[in-house]
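Chain and residue survey
If you want the building blocks of each chain, they are given just below.
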Amino acid sequence: MGGIVVLGLIAGFGTFLGAILVTFCGHLRPRSISLLLGFAAGVMSSVIVFDLIPSSLNYGSFFFTLAGFLGGIGLMFILDMGLNILYPTSLKGRGYLRMGYLIATGIALHDLPEGLAIAAGFAAAEKLGPILVFAIGVHNIPEGMVCAAPLRVGGLGSARVLLINGLISLVTPLGVFIGLLLVKTSPLFISLLLSFAAGAMTYIVLHDLAPESRRNSRFLAYLGMLSGLLLILGLNIIV
């Protein structure tokens, strides 16, 4: 069990690595922000469409997928209202901080069922587990970039950005550990988790990332969205 959890930790480390790439890239100009946020919207949209929703439907029924999806949207709406009080968008940089914390929550919700999937992969077939570790680890790199960018733009220090992403990285091995303990858990439970993450991420894309990315440059925002979509689609084809 310990070895499999360590592999889950390696997969989760991709999130931290992505945050490192953004944290040390220096000051971000407005047009660069449009490109990066557009890229984030594309990455998250692609993960929703090509990974989370199909996997949720595979594990459960349309009803469970829809219920989890709406639940994820509802949770992010409530969380958004609370963060609006702490980080009003009228204050400079606060809107980006709110967005960053929302994204961090959405990615964490996404990483838990990924950990469960790794555990299920090792239980189902010897070769499937390592393949899932590699695929999830690669996918987590752009997600770490997605999480770190708005936090840095919002003025959060490098150490705190890395700490937040480091904690998110631990969610995947946590999911692996839980999955190994509950390897025979109901597929409907996994279906709900996957669609719940999809709903949360959909709220973030439509309510925050896509509108904010177009603020400084529509062209760069759409270019970033297309790049993010193609990246995740290409990773799905390769791995």
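Preceding block: the structure.
This section reports on the structure supplied with the text. This one's a predicted model, so the numbers in the text were calculated from it and none came from an experiment. (Residues numbered from 1 in each chain as written. Predicted model: local features only at pLDDT ≥ 70, side-chain atom pairs only at ≥ 80, totals over all residues. Heavy atoms only, no water.)

With respect to the overall build of the protein
What the protein contains, in helices and strands, is 9 helices and 0 strands. Shown N-terminal to C-terminal, the secondary structure of the protein runs as helices and strands in the order α-α-α-α-α-α-α-α-α. Here the protein holds 239 residues, and 48% of them are scored as buried. When the accessible surface of the protein is split by element, carbon and sulfur atoms take 74% of a total near 11000 Å². (Helix = DSSP H or I, 4+ residues; strand = E, 2+ residues; numbered from the N terminus. Buried < 20%, exposed > 50% of the residue type's maximum accessible area, 1.4 Å probe, protein only. Areas by Shrake-Rupley, 256 points an atom, 1.4 Å probe, with all protein chains shown as cover.)

Regarding the side chain of T23
Note on placement: T23 falls in helix 1 (residues 2-23). A polar contact of 2.7 Å, which involves the side chain of T23, links it to the backbone oxygen of A19. (Polar contact = N/O pair within 3.5 Å; in protein donor to acceptor, adjacent residues only side chain to side chain.)

Some points on the environment of F219
Here F219 is to be found in helix 9 (residues 218-238). Spatially, the C-alpha atoms of F219 and R31 are 9.6 Å apart, while their sequence positions differ by 188 residues.

Remarks on the packing of helix 6 (residues 158-169) against helix 7 (residues 171-181)
Packing of helix 6 against helix 7 brings their axes to within 4 Å, and their N-to-C directions diverge by 15°. Classed by the angle they form, the pair helix 6 and helix 7 counts as roughly parallel. In contact with L167, I168 and S169 of helix 6, helix 7 contributes V171, T172 and P173. A class-by-class count of the residues in the contact of helix 6 with helix 7 yields 4 nonpolar, 2 polar and no charged. (Axes fitted to C-alpha atoms, helices over the stretch in contact; angles between N-to-C directions. Parallel < 35°, antiparallel > 145°, perpendicular 65-115°, else oblique. Contact = heavy atoms within 4.5 Å. Nonpolar A, V, L, I, M, F, W, Y, C, P; charged D, E, K, R; others polar.)

With respect to the nonpolar core
Formed by 46 residues in total, the largest nonpolar core has its most connected members in M44, L52, I103, L151 and L209. If you list the elements that add at least two residues to this core, you get helix 1, helix 2 (30-59), helix 4 (94-124), helix 5 (128-153), helix 6, helix 8 (187-213) and helix 9. Other than its neighbours up to four places away in sequence, L52 contacts V47, H110, L194, A197, A198 and M201. (Core = buried A, V, L, I, M, F, W, Y, C linked by side-chain atoms within 4.5 Å.)

Side note on the packing of aromatic side chains
Here the distance between the centres and the angle between the planes together describe a pair of aromatic rings. If you walk through the whole model with that rule in mind, you get 2 aromatic pairs. Here the aromatic rings of F13 and F16 are separated by 5.7 Å at their centres, their planes lie at 45°, and the arrangement is tilted. Here F16 and F13 lie together in helix 1, a separation of 3 residues that amounts to about one turn. Exposure remark for F16: the relative accessible area of 22% places this residue in the partly exposed category. Ring geometry for F63 and F64: centres 5.7 Å apart, planes at 85°, overall edge-to-face. (Phe/Tyr/Trp six-rings, centres within 6.5 Å; stacked < 30°, edge-to-face > 60°.)

Examining a nonpolar patch on the surface
On the surface, L9, L163, L167 and L170 cluster together into a nonpolar patch covering about 380 Å² of accessible area. Locating L163 in the fold gives a position in helix 6. L163 sits in the exposed class, given a relative accessible area of 52%. (Patch = residues over 30% accessible without salt bridge, like charges linked within 9 Å, V, L, I, M, F, W, Y side chains within 5 Å. Salt bridge = Lys/Arg side-chain N within 4 Å of Asp/Glu carboxyl O.)

Comments concerning the environment of G228
Secondary-structure assignment places G228 in helix 9. A relative accessible area of 0% means that G228 is categorised as buried. Taking the C-alpha atoms as reference points, G228 and G38, separated by 190 residues in sequence, lie 7.7 Å from one another. Once residues within four sequence positions are removed from consideration, G228 is found in contact with F39, G42, V43 and S46.

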